[in-house]
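Below are the chains, spelled out letter by letter.
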Amino acid sequence: MSLIDKTILFVKEKLQGAEGGHDWFHIERVYKNALSIAEDEDCNLEIVKIGALLHDIADSKFHNGDETLGPKLAREFLEKEMVESEVIEHVLNIIENISFKGGNFDSKFSSKELDIVQDADRIDALGAIGIARTFNYGGFKNRPIYNPDIAPNLNMSKEEYKNSEAPTLNHFYEKLLLLKDKMNTQSGKKIAQERHEYMEKFLSQFYAEWDGEK
């Protein structure tokens, strides 16, 4: 069995019972997105594949904010599989630097492989899938769908972003609509633009229905 096949089995096992927007199917979509984007980039495809598969192995949102658990689990798995140390460190850097974190996070690492996996992950937060994931997570956290009296906070610190209990619709303005301008690759930018426009149409329809116009 190849390392990729073993990694897939490991991730499926670890994410059994995960919240619907951060489960195996999210990983699978990001993996497919990453492979597609990588076709147009000069990169180490093995690192892209492993990074995409392990990028959310233990999302801190579901582990009391612990940002060390994901890298720890990934390291233990990759060392057990006798993966080269350079590959392990690169993958861990992807895991540690991929997140949005309120948009105010300065990455301490850069690579083409991180660019690809980050774009692939952000694409899954956009469009129809992004809308579905956003409301699924809002329901998971028992947040209101929308409250016109609570404005989006566009200048949150990392901690404020992590601890936000704002209505779900605010997340579009606090993250999702910002992503198209934060893409790294040309392929990512093109896909993000298309999905961004879809979300704008959704929001327009949402407000019209909210106000009883349609």
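Placed above this text is the structure.
Residues numbered from 1 in each chain as written. Predicted model: local features only at pLDDT ≥ 70, side-chain atom pairs only at ≥ 80, totals over all residues. Heavy atoms only, no water.

K.L.:
Can you help me understand the pattern of salt bridges in this one?
P.N.:
If charged atoms from side chains of opposite charge come close, those side chains can pair. Summed over all chains, the structure comprises nine salt bridges. Linking Glu81 and Lys6 is a salt bridge whose minimum nitrogen-to-oxygen distance equals 3.2 Å. Of this pair, Glu81 sits in the loop between α4 (69-80) and α5 (85-97) while Lys6 is found in helix α1 (residues 3-14), placing the two residues 75 residues apart along the sequence. Given a relative accessible area of 32%, Lys6 falls into the partly exposed group. Here Arg75 ties to Glu89 by a salt bridge, and the two come within 3.0 Å at their closest N and O atoms. Of this pair, Arg75 sits in helix α4 while Glu89 sits in helix α5, and the two are 14 residues apart along the sequence. (Salt bridge = Lys/Arg side-chain N within 4 Å of Asp/Glu carboxyl O. Helix = DSSP H or I, 4+ residues; strand = E, 2+ residues; numbered from the N terminus. Buried < 20%, exposed > 50% of the residue type's maximum accessible area, 1.4 Å probe, protein only.)

K.L.:
How do you make sense of the packing of aromatic side chains when you look at a structure like this?
P.N.:
To describe a pair of aromatic rings, one takes the distance between the centres and the angle between the planes. Under the criterion given, the structure shown has 11 aromatic pairs. Taking the centre distance of 6.0 Å and the plane angle of 65 degrees together, the rings of Phe135 and Phe202 count as edge-to-face. On the criterion of sequence distance, the pair formed by Phe135 in helix α7 (residues 127-140) and Phe202 in helix α10 (residues 186-210) is long-range, its members being 67 residues apart. When its relative accessible area of 24% is taken as the criterion, Phe135 is described as partly exposed. Look at Phe202 and you get partly exposed, because its relative accessible area is 24%. When the centroid spacing of 4.7 Å and the interplanar angle of 75 degrees are considered together, the rings of Tyr146 and Trp210 count as edge-to-face. Within this pair, whereas Tyr146 is found in the loop between α7 and α8 (158-163), its partner Trp210 is found in helix α10, the two being separated by 64 residues in sequence. Aromatic ring contacts, followed pair by pair, group Phe135, Tyr146, Phe172, Phe202, Phe206, Tyr207 and Trp210 into a single cluster. (Phe/Tyr/Trp six-rings, centres within 6.5 Å; stacked < 30°, edge-to-face > 60°.)

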